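What follows is the residue order along each chain.
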Amino acid sequence: KQLLAGELLGLVVVAAGMLRIERVSGDLVPEFAWRWAPSRDRRLAPAAVPAKGAEAAPAWQATPDDFPRFLGPDGTLGIDRIALDADWEARPPRQLWRQRIGAGWSGFTTCGDHAVTLEQRGDDEIVSCYALATGEPEWSVSVPARHETVLGGVGPRSTPTIRDGVVYSTGATGWLHAIDGATGRVIWKQDVLADLGIDPAAHSAAVAWGRAGSPLVLDDVVVVPGGGPRSANEQPVALVAYDRASGERRWTAGDEQISYVTPALARLGGRDVIVSVNESRVAGYDPATREVVWQFDWAGHSNSDASCSQAFVIDDRRVFVSKGYGIGAAVFEIASDAAMPWAMREVWHETGSLKTKFTNVAIHDGHAYGLSDGILECVRLADGKRMWKAGRYGQGQVLRVGGLLLVQEESGDVTLVDASPEKHRVRARCDAIEGQTWNNLCLAGNRLLVRNAEEAACYELPVKEAAVALHSSR
């Protein structure tokens with residue numbers, strides 16, 4: 001028996017030496033691969049380059065169906081322009097195309113007939129453009145950069161923003177690009193870390209899982225998270241803005257370390273603010289003066305219990321926040337605006353609700369819907385009361401379309417669920433893609449784009465006939 005135990009132990013040691021962790025699920029379950037086998041992204045062919053004659057391509061024109069930014073047209077994870085038909089048995093989603101794609105957790109954004117995302121292929125971080133109808137590559141822009149961690153995986157994790165035919169993208173290691181969508185020509189690029197004097201190694205230790213905030217494009221600047229620590233013992237920078245035309249730095253705001261959240265422009269207390277979920281605080285900055293208008297504590301560390309979920313302005317006085325790691329969900333409101341910064345008061349905080357680890361909530365008719373440690377949950381915004389919690393979807397993503405929720409499971413399947421506080425009601429399911437899926441959904445008209453670190457696909461979703469007639473008349 002001792003001999004057998006020793007042999008088994010020897011086999012385990014040998015196997016451990018021959019295996020590596022390929023990836024880790026949202027619930028920390030490892031997937032192994034042979035040490036000598038190249039990772040999936042390194043086995044892919046190089047990305048496409050601009051086609052011959054692309055210089056003469058017509059400028060991209062925005063359309064009402066566009067999904068031009070992270071979390072949708074309004075950045076709210078909700079779309080109300082289209083009415084989906086929930087009877088997928090009678091009218092199932094129709095696959096338009098499917099193909100292999102580089103690694104990363106970026107989502108798609110669209111403009112007209114074009115879809116853009118970020119991906120990793122070997123040692124190159126890539127901004128890539130595909131034909132929305134066919135999935136054919138149109139152009140790509142690459143830089144020699146690679147982000148990789150055992151827990152976070154490989155590749156970029158932000159989503160491009162498209163404005164006035166220009167694609168703005170932020171990579172996991174700090175590259176910011178402005179690219180002409182029609183041609184794939186780089187208008188300008190910035191190494192944000194180098195520009196701010198941030199030591200890359202120290203930044204990687206502080207912001208361990210790669211820069212994930214997508215660009216916020218305003219009239220004249222593009223705003224991205226800053227970071228730190230900076231050289232010469234300077235404080236970190238919460239936000240940094242670059243001129244849209246030239247790429248020159250225009251301003252910075254805040255002295256907080258960044259998280260993994262995208263800055264958003266919202267209106268609160270009758271004034272516009274840039275809402276930024278920083279490492280351990282949520283703040284609203286005046287876009288003109290860059291002063292802190294309001295802020296409140298929101299516990300977190302960007303190398304451990306990190307904040308990855310957006311803050312959503314509910315109305316003119318209230319802000320909703322959520323996160324995983326046992327923090328849960330809360331609503332804060334303006335308590336006093338007599339002094340600067342405004343005082344914010346906690347309305348409610350439920351540590352057991354809406355623990356959105358890598359995802360965000362969709363707000364609809366006074367309720368928030370989201371994956372709480374992988375289980376879909378509905379919470380009333382007025383007081384934090386849980387209305388229901390059901391269905392195990394893993395660490396996936398959600399997108400609200402009218403009164404329905406598209407829930408992409410961590411496995412890649414898409415489930416259609418009612419956005420109703422009455423009960424958890426599943427209407428339909430679709431085997432969309434396979435493999436670990438943390439990427440956000442994209443819906444352009446009735447074309448659903450899905451992707452993960454291995455493949456991408458596009459489906460035509462059925463819509464109600466009345467919605468088709470209305471859409472065709474516009």
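Criteria and cut-off values
- Residues numbered from 1 in each chain as written.
- Predicted model: local features only at pLDDT ≥ 70, side-chain atom pairs only at ≥ 80, totals over all residues.
- Heavy atoms only, no water.
- Pairing = 2+ DSSP bridges.
- Helix = DSSP H or I, 4+ residues; strand = E, 2+ residues; numbered from the N terminus.
- Salt bridge = Lys/Arg side-chain N within 4 Å of Asp/Glu carboxyl O.
- Buried < 20%, exposed > 50% of the residue type's maximum accessible area, 1.4 Å probe, protein only.
- Phe/Tyr/Trp six-rings, centres within 6.5 Å; stacked < 30°, edge-to-face > 60°.
- Lys NZ or Arg CZ within 6 Å of the ring centre and 35° of its normal.
- pLDDT = per-residue confidence, 0-100.
- Contact = heavy atoms within 4.5 Å.
- Polar contact = N/O pair within 3.5 Å; in protein donor to acceptor, adjacent residues only side chain to side chain.
- Axes fitted to C-alpha atoms, helices over the stretch in contact; angles between N-to-C directions.

Let's talk about the sheet that holds strand β33 (residues 414-418)
Now for step 1: With respect to topology, five strands assemble into an open sheet ordered β3-β31-β32-β33-β34, the strand pairing being mixed. Each edge of the open sheet is held by one strand with a lone partner, namely β3 (78-79) and β34 (426-430).
Now for step 2: Bridge analysis of β33 against β34 gives four bridges, and the strand direction is antiparallel. From the neighbouring strand, L416 faces β34, where its bridge partner is A428.

A few points about the pattern of salt bridges
Now for step 1: Taken as a whole and judged by the stated rule, the model has 28 salt bridges.
Now for step 2: For R42, the salt bridge identified is with D123, shortest N-O distance 3.1 Å. A residue pair is termed long-range when its members are at least 10 positions apart, and R42 in the loop between β2 (30-34) and β3 and D123 in the loop between β6 (114-121) and β7 (124-131) qualify at 81 residues.
Now for step 3: A relative accessible area of 48% places D123 in the partly exposed class.
Now for step 4: For the salt bridge of D418 with R427, the shortest nitrogen-to-oxygen distance reads 2.7 Å.
Now for step 5: Given a relative accessible area of 11%, D418 falls into the buried group.

Observations regarding the packing of aromatic side chains
Now for step 1: Per the counting criterion, the structure on display carries eight aromatic pairs.
Now for step 2: Between F358 and W438, the ring centres sit 4.7 Å apart and the planes meet at 45 degrees, which makes this aromatic pair tilted. Note that F358 is positioned in the loop between β26 (343-350) and β27 (362-364) and W438 in the loop between β34 and β35 (442-444), a separation of 80 residues in sequence.
Now for step 3: By relative accessible area, F358 is classed as partly exposed at 24%.
Now for step 4: Each member of the aromatic cluster is reached from another via a ring pair, and the members are W105, F358 and W438.
Now for step 5: Positioned above the aromatic ring of W175 is the side chain of K189, whose terminal nitrogen or guanidinium carbon lies 5.1 Å from the ring centre.

Regarding the pairing of strand β32 (residues 404-408)
Now for step 1: Where burial is concerned, most of β32 is hidden: five out of the five residues are buried.
Now for step 2: Side-chain alternation along β32 places L404, L406 and Q408 on one buried face and L405 and V407 on a second face that is also buried.
Now for step 3: As defined by bridge partners, strand β31 (residues 397-401) adjoins β32 across five bridges and the pair is classed as antiparallel. When the bridges of β32 are listed, Q397 appears paired with Q408.
Now for step 4: Connecting the antiparallel pair β31 and β32 is a turn made up of two residues, with G402 showing a positive phi of about 60 degrees.
Now for step 5: The turn linking β32 back onto β33 is made up of five residues, and G412 within it adopts a positive phi angle of 110 degrees.

Brief notes about the confidence of the model for the protein
Now for step 1: Looking at the protein as a whole, its pLDDT mean stands at 92, while 90% of the residues score no less than 70.
Now for step 2: Predicted confidence is poor over residues 467-474, with pLDDT under 50, and the contacts of this stretch with residues over four places away or in other chains come to five contacts.

Brief notes about the environment of R400
Now for step 1: On the secondary structure map, R400 appears in strand β31.
Now for step 2: When the C-alpha positions of R400 and V127 are compared, they lie 26 Å apart, and in sequence the two are 273 residues distant.
Now for step 3: R400 has contacts with L77, G78, I79, D80, A362, I363, H364 and L405, leaving out every residue within four places of it along the chain.
Now for step 4: Separated by 3.4 Å, the side chain of R400 and the backbone oxygen of I363 make a polar contact.

Considerations on the side chain of S309
Now for step 1: Mapped onto the elements of the fold, S309 is located in the loop between β22 (292-297) and β23 (312-313).
Now for step 2: We classify S309 as buried; its relative accessible area is 2%.
Now for step 3: Reaching out from S309, the side chain makes a polar contact with the side chain of T356 at a distance of 2.8 Å.
Now for step 4: Here T359 takes part through its backbone oxygen, which lies 2.6 Å from a polar atom of the side chain of S309.
Now for step 5: Setting aside residues no more than four positions away along its own chain, S309 makes contact with V261, V277, S322, K323, T356, T359 and N360.

A look at the sheet that holds strand β29 (residues 375-380)
Now for step 1: In spatial order, the strands read β27-β28-β29-β30; together these four strands make up an open sheet with antiparallel pairing. Among the strands making up the open sheet, the edge pair consists of β27 and β30 (386-392). The sheet shows a mean angle of 20 degrees between the axes of neighbouring strands, direction not considered.
Now for step 2: Looking at chain direction, β29 and β30 are connected through five bridges and run antiparallel. Within β30, the position partnered with L376 by the bridge is A390.

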